[in-house]
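So the chains spell out like this:
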Amino acid sequence: MTIANTGGVLVVELAFLVGGFLLPKGQIPSWWGWAYWGFSPFSYGFDAITVNEMSAPRWMNKLASDNVTELGVAVLRTFDITPDKNRFWIGVGALLGFALVFNLMFTFALTYLNPIKKAQGIISKEIVKEMEANKHDIQECSTVEVTDRIASKRERGMVLPFTPLVMSFNSINYYVDMPPIVLRKLLKQRNKQNPQILHFLHFGEVVGVLGDALMLNLANMIQVNNFVIINLTGNGRTRLTENKLQLLGEITDWSSNSIDGSKWSWENNIDGCFSRKKNRWFDRRRYQNIWIPKKQETFARVSGYCEQTDIHSPQVTVHESLLFSAFLRLPEEVTNEVKMLFVTEVMNLVELEDLKDCIVGVPGLVRKRLTIAVELVANPSIIFMDEPTSGLDARAAAIVMRTVRNTVDTGRNCYISIYFSLSISNFCSMFHQLLLLKRGQVVYFGPLGQNSEKVINYFEEIPGVPKLIDQYNPATWMLEVSSDSTEFRLGIDFSEYYRSSPLYKINTGLVEELSTPTSGDKELHFKTMYSQSMWSQFKSCLQKQWWSYWRTPDHNLVRFFFSLVTALLLGTIFWKVGTKRDSSTDLTTMIGAMYVSVMFAGFNNCVTILPVASFERTVFYRERAAGMYSSLPYAMAQIIVEIPFVLVQTTYYTLILYAMLSFQWTVAKFFWFFFISFFTFLYFTSYGLMIVSITPNHQAASIFAAAINVLFNLFSGFFIPRPRIPKWWMWYYWICPLQWTIQGLIISQYGDLDETIKVPGMSYDPTIKWYVQSYFGYDVDALGSVAIIIVAFTVFFASMYAYCLHKLNFQIR
């Protein structure tokens, strides 16, 4: 996308420069004459529309200053356009021809050019040789091998200890907002036998109404060690588990947002420490009228959340990603040496040691394990995983599940939602607990047992349920025997059977026990929401941004290439234009050269930053929610990392352009040209970042940037000088940053010249200084103020980027 945008802007730039407007056809250098006739549609369009306008009677019925030539003909000759009405139809035909050629080229490209290959992770040759020498280590292991490996890693010790925590959830309620008329219709559908229960959208049972929202009770749950949710396809498992995994323990800020118009409340206990959501919940049984606030920073520091989508910065390595997470999320009292050792241990745990120098790249097996690893390096007690095997083949899923098992063997509790299509080895050996849901109701919650014997015995004891066939997958069998058709055939409700079973009473008692704080329990507490200080967060973010920028050639090299080509284009088209100062036309040409020199390069900086910042914003949402850092240090790092690249870009750009255009070689004038160009490029870049922060996606940001750029150009003071702008639009003229840039360039180069120039229609020859003041309306003594305002625009756009990044959240969940 970056290359396409840059290439498009470059082509438009060349077509505009040789289009006959900035430079009349006769002033275009001979070596660019071919572009006027055979490359630029603008030349034909400008030619046709100018002939069409100047042929009108209001122009042809008036005489020019020589009192001989028609005014329309004189204007056409000024632009080196032949005063022939047939030129209009030639231009129309040429534009249609360009449209046809462009569409044919588009068709040809789609037909014969191969698709662009996606970026893949890079591994050094030495690592490949080592992996080939130990090929059996990376092949899929059999069930026996998995069992042996698990046995060897039971309760493995690590350099950083953690406090094991047990979570229990009671009375989970799901609130669905809806219009009152819809709510009334749904309530009319209550079950006649039990008017207090209404099955709603396969998610749960209505237990009450709160305003315009249904309150649905889902389940009482206990989380003990390795835990899995399984639900039938189409019965809401994905949405339900996605919401639950974000909600349970409130490990991220995402759970505080309304998800699909829903709200949640529950009684949540971690080792007996009572907590609640958003001041809404209190336990009427034991805490009558006592409201105990939930602390977001507490849950974020003791738990980790692995999303189903693997969101990582693609340009950093696996090792760098883990270091970034560890250095930001582990406590400050942990030394850097211990953090690096712990990262190494985690890589070994999730079997990424051979891939530590691999660039993360696109989603795949490496990123699945990396998603787990970046949470493990925070040393959490509880980990939530949303479908960690989604999108993987059997071999890759086996490796990921082995990683999950290794995590459990460290003593941590894992809460996992997963597709029901599990292999026998995975299902029987990987999990301890099972929550089986059907239409939002609990069918079974309890231990799996050795080789799933406990869940098998539970269902086989139900009258009419067929026995499990030997070598048949227990997960598949369990879903088949608890299906709707089986319920209809047997005349049984499996959720009712579970609620009347001894297992339900055991679970209820255990929830009650874990929910009651004992005298020795202490509330989980951390002084700050983030483990590291603002300065430490900034340093880590800056280092990661530098890695990403250094390894993103399609952003930086393309930007540098565009600036180089633009400088050469402008230099060859406006060759030594600075030496010509005889007339107002020469002065206008020089100002046009300065205008396009900052406009195109600046706008390209804005456009190229959009896809990069848009993708990184998605990563930012995940990392901020995980408690790695706050918005301010991230935004500061994003801005500051741009400065050296913009500085390099400005240096060679101004040197080439200043020399080829032959502006005056004085230290002061060159410094001002460099200074204004540098901050113009920088505020365009900051402006692009700000646009990303206030728009929902890259496409909307591109449209918004293009629209505002049109206003920038209209009110830049070049096309319409300030004295001719309508009064009701003057407010935008003063807040247009490009206007201050053009003003600064004109003042710094020509605001002190007392040389005279010829101006058509004037009886005397004014000085350049006077013409700049009277025609463009610039104050030639305001150069210092202009410089301050240009710097202020850069600071303003950067500050707005940080503020909007903090306040606005465009996640679609």
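Per an unreviewed UniProt entry, the protein chain goes by the name ABC transporter domain-containing protein and belongs to Centaurea solstitialis. Entered under Subcellular location (unreviewed entry) in the UniProt record, the comment concerning the protein chain runs "Membrane".

*Asks:* With reference to specific residues and values, describe the overall build of the protein chain.
*Replies:* Within the protein chain, the secondary structure is distributed over 32 helices and 13 strands. Looking at the protein chain as a whole, 53% of its 813 residues are labelled buried. For the protein chain, the share of sequence-separated contacts (at least 6 apart) that also reach a separation of at least 24 residues comes to 76%. Total accessible area on the protein chain stands at roughly 36800 Å², and carbon and sulfur atoms take up 62% of it.

*Asks:* Run through a nonpolar patch on the surface, naming residues and quoting values.
*Replies:* A cluster of nonpolar residues, Met534, Leu632, Met636, Ile640 and Ile643, forms a patch on the protein surface that exposes about 410 Å² of accessible area. Turning to its location among the elements, Met636 is positioned in helix α25 (residues 631-640).

*Asks:* Lay out the pairing of strand β12 (residues 433-438) in plain terms, naming residues and giving numbers.
*Replies:* Taken across its six residues, β12 has six buried, putting it largely inside the fold. The side-chain alternation of β12 yields two buried faces, one formed by Gln433, Leu435 and Leu437 and the other by Leu434, Leu436 and Lys438. Pairing analysis gives six bridges linking β12 to strand β13 (residues 441-447), with the strands arranged antiparallel. Bridging across to β13, Leu434 finds its partner in Gly446.

*Asks:* So what about the nonpolar core? Which residues, and what values?
*Replies:* One finds Phe574, Val596, Leu738 and Tyr750 to be the most contacted residues of the largest nonpolar core, which totals 109 residues. Per element, the largest residue contribution to this core is 17 residues, and it comes from helix α24 (residues 584-625). Ignoring sequence-local partners within four residues, the contact set of Tyr750 consists of Gly578, Arg581, Leu587, Met590, Met594, Phe663, Ile768, Lys769 and Val772. Leu160, Ala326, Met347 and Leu352 belong to the second-largest nonpolar core, a separate cluster that totals 59 residues.

*Asks:* Which residues make up the side chain of Arg87, and what values do they have?
*Replies:* Summarising the element assignment, Arg87 is placed in helix α6 (residues 86-112). If we skip the residues at most four places from it in the chain, Arg87 touches Trp37, Asp47, Ala48, Val51 and Thr82.

*Asks:* Tell me about the packing of aromatic side chains, and please be specific about residues and values.
*Replies:* Aromatic ring pairs: the centre-centre distance and the angle between the two ring planes describe each pair. A complete count under the given rule lists 63 aromatic pairs for this structure. Taking the centre distance of 4.8 Å and the plane angle of 85° together, the rings of Tyr775 and Phe776 count as edge-to-face. A relative accessible area of 2% means that Phe776 is categorised as buried. Put simply, the rings of Tyr683, Phe684, Tyr687, Phe712, Phe793, Phe796 and Phe797 pair up and form one aromatic cluster. One residue, Lys339, lies across the ring of Phe327, its end atom 5.3 Å from the ring centre.

*Asks:* If you had to explain the side chain of Gln743 to someone new, which residues and values would you point to?
*Replies:* Mapping Gln743 onto the fold places it in helix α30 (residues 737-750). Gln743 gets classed as buried once you look at its relative accessible area, which sits at 5%. For Gln743, the contacting residues outside a window of four places in its chain are Tyr778, Asp779 and Val786.

*Asks:* Which residues make up the pairing of strand β11 (residues 413-417), and what values do they have?
*Replies:* In terms of burial, β11 is largely enclosed, as five of its five residues are buried. As paired strands, strand β10 (residues 382-386) and β11 are joined by five bridges and run parallel to one another. When the sheet's bridge partners are listed, Phe384 is paired in β11 with Tyr415. Regarding topology, helix α15 (residues 394-408) serves as the crossover connection from β10 to the parallel β11, and that connection is right-handed.

*Asks:* Now, about α25: what can you tell me, with residues and values included?
*Replies:* The element α25 is largely enclosed, with a buried count of seven among its ten residues. Turning to α25, its buried residues are Ser631, Pro633, Tyr634, Ala635, Ala637, Gln638 and Ile639. Buried residues belonging to α25 abut α22 (534-550), α24, α26 (642-661), α27 (667-694) and α32 (783-807).

*Asks:* Lay out the confidence of the model for the protein chain with the relevant residues and their values.
*Replies:* Looking at the protein chain, the pLDDT average stands at 77 and 74% of residues meet or exceed 70. When the criterion is pLDDT under 50, residues 190-207 qualifies, and its contacts beyond four places in sequence or with other chains add up to 50 contacts. Throughout residues 210-227 the model reports pLDDT below 50, and contacts reaching past four residues in sequence, or to other chains, amount to 107 contacts.

*Asks:* Let's hear about the pattern of salt bridges: which residues, and what values?
*Replies:* Using the criterion set out here, one finds 13 salt bridges in the structure. Among the ionic pairs, Arg87 bridges to Asp47, the shortest N-O distance being 2.8 Å. Here Arg87, found in helix α6, pairs with Asp47, found in helix α3 (residues 41-54); they are 40 residues apart in sequence, far enough to count as distant. Owing to a relative accessible area of 16%, Arg87 belongs among the buried residues under this scheme. With a shortest N-O distance of 2.8 Å, Arg402 and Glu351 are connected by a salt bridge. Residue Arg402 is found in helix α15, and its partner Glu351 is found in the loop between α13 (336-349) and α14 (365-376); the two are separated by 51 residues along the sequence. Taken individually, Arg402 and Glu351 each receive the classification buried, so the pair is uniform in this respect. Taken together, the salt bridges that share partners define one network made up of Lys544, Arg622 and Glu623.

*Asks:* How would you sum up unusual backbone geometry? Please name residues and give values.
*Replies:* Its identity is not glycine, yet Asn451 carries a phi of approximately 55°, on the positive side. Topologically, Asn451 is positioned in the loop between β13 and α17 (453-460).

*Asks:* Give a description of the packing of helix α23 (residues 553-573) against α24 that names residues and reports values.
*Replies:* The geometry of α23 relative to α24 is characterised by a closest axis approach of 10 Å and an angle of 165° between their N-to-C directions. On the basis of their axis angle, the class for α23 and α24 is roughly antiparallel. Relative to α24, α23 is oriented so that their crossing is right-handed. Here His555, Arg559, Phe562 and Leu570 of α23 lie close against α24, whose contacting residues are Val596, Ser597, Phe600, Ala601, Asn604, Asn605, Thr608, Ile609 and Val612.

*Asks:* Lay out the environment of Gln649 in plain terms, naming residues and giving numbers.
*Replies:* As for its position among the elements, Gln649 is in helix α26. Assessed through its relative accessible area of 0%, Gln649 is described here as buried. Excluding its chain neighbours within four sequence positions, the residues that come into contact with Gln649 are Arg559, Phe560, Ser563, Asn605 and Phe681. Among the polar contacts made by the side chain of Gln649, one reaches the side chain of Asn605 at a distance of 3.0 Å.

About the criteria used
Residues numbered from 1 in each chain as written. Predicted model: local features only at pLDDT ≥ 70, side-chain atom pairs only at ≥ 80, totals over all residues. Heavy atoms only, no water. UniProt positions renumbered as here; feature names shortened; annotations may be inferred. Helix = DSSP H or I, 4+ residues; strand = E, 2+ residues; numbered from the N terminus. Buried < 20%, exposed > 50% of the residue type's maximum accessible area, 1.4 Å probe, protein only. Contact = heavy atoms within 4.5 Å. Areas by Shrake-Rupley, 256 points an atom, 1.4 Å probe, with all protein chains shown as cover. Patch = residues over 30% accessible without salt bridge, like charges linked within 9 Å, V, L, I, M, F, W, Y side chains within 5 Å. Salt bridge = Lys/Arg side-chain N within 4 Å of Asp/Glu carboxyl O. Pairing = 2+ DSSP bridges. Core = buried A, V, L, I, M, F, W, Y, C linked by side-chain atoms within 4.5 Å. Phe/Tyr/Trp six-rings, centres within 6.5 Å; stacked < 30°, edge-to-face > 60°. Lys NZ or Arg CZ within 6 Å of the ring centre and 35° of its normal. Right-handed = clockwise from strand over helix to strand, strands pointing away. pLDDT = per-residue confidence, 0-100. Axes fitted to C-alpha atoms, helices over the stretch in contact; angles between N-to-C directions. Parallel < 35°, antiparallel > 145°, perpendicular 65-115°, else oblique. Left-handed = near helix turned anticlockwise from the far one by under 90°. Polar contact = N/O pair within 3.5 Å; in protein donor to acceptor, adjacent residues only side chain to side chain.

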